[in-house]
Amino acid sequence: SLPTVTLAAFDPVCLDAEPFALTGGDPVGGIYSGTGVTGGTFDPAAAGAGTHSITYSYTDANGCSNSDSKDIVVNALPSVSLADFDPVCLDAEPFALTGGDPVGGIYSGTGVTGGTFDPAAAGAGTHSITYSYTDANGCSNSDSKDIVVNALPSVSLADFDPVCLDAEPFALTGGAPEGGIYSGTGVTGGTFDPAAAGAGTHSITYSYTDANGCSNSDSKDIVVNALPSVSLADFDPVCLDAEPFAL
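Remember, it's a predicted structure, so these values are computed and weren't measured experimentally. (Residues numbered from 1 in each chain as written. Predicted model: local features only at pLDDT ≥ 70, side-chain atom pairs only at ≥ 80, totals over all residues. Heavy atoms only, no water.)

**Topic: the sheet that holds strand β6 (residues 37–38)**
Here we have 3 strands laid out as an open sheet, ordered β3-β7-β6, and antiparallel in their pairing. Each having just a single partner strand, β3 (20–21) and β6 make up the two edges of the open sheet. One ladder, built from 2 bridges, connects β6 with strand β7 (residues 41–42); its direction is antiparallel. Paired with Val 37 across the bridge in β7 is Phe 42. (Pairing = 2+ DSSP bridges. Helix = DSSP H or I, 4+ residues; strand = E, 2+ residues; numbered from the N terminus.)

**Re the sheet that holds strand β17 (residues 125–134)**
The 4 strands lie next to each other as β11-β18-β17-β14, forming an open sheet whose pairing is mixed. At either margin of the open sheet sits one strand with a lone partner, and together these are β11 (88–89) and β14 (106–108). The sheet contact formed by β14 and β17 spans 3 bridges and is antiparallel. Within the sheet, the bridge partner assigned to Tyr 107 lies in β17 and is Tyr 131.

**A word on the pairing of strand β8 (residues 50–59)**
As paired strands, strand β5 (residues 31–33) and β8 are joined by 3 bridges and run antiparallel to one another. Bridging across to β8, Tyr 32 finds its partner in Tyr 56. Relative to strand β9 (residues 65–75), β8 is paired through 10 bridges, and the arrangement is antiparallel. Bridge assignment links His 52 to a residue of β9, and that residue is Ile 72. Linking β8 back to β9 in an antiparallel pair, the connection comprises 5 residues, with Gly 63 at a positive phi of about 80 degrees.

Here's what the structure looks like:
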């Protein structure tokens, strides 16, 4: 009679699963064959997504053979995409990452925590963000996109000389790079008016925004000195021939 040969059912596998040795054939010592099978090893990627028949053949001591077959399902990987990211400035607030499809996946990469990207934690430069998704079959796939974190411009403001309260309004200078905006008490349209600011120490800020839309600033104090309090006593009348005298 022919030997009794059985083959246990196979669990589904994902397309990117590592090649693995086939088991479940009884009696032991037989041969596995089918799409994606080489030397008793099944390679899901070589077989391709779909349902494949695996055959286990056994020959007994009498030279009589029999076989059993079972299907193995190779599940395709999910189609996963990630939208492009807009550049951000180094001082931008942390924000929730979006653009991964299908929804329900996980974002990872430098500066990413719990799906939130922190530009300051990532640092200036180009960083790769990965979106990974696992479907109902337990198969995973991912997509990656770069996000650019632009450094803040280097901004400086020169020291100001003290001015008197009655000094004429004057255009502020000393901010670099050129093209920024001055602000502070007594400042209007880049002009400082000591009388409007009042006597005392005032902070002047120079803010600059670069071509990437990133801003930075520097501040310096300007001192407005009050005018001295001056008085002159009344003079007594004098005669034309009086001797010259010290006032």
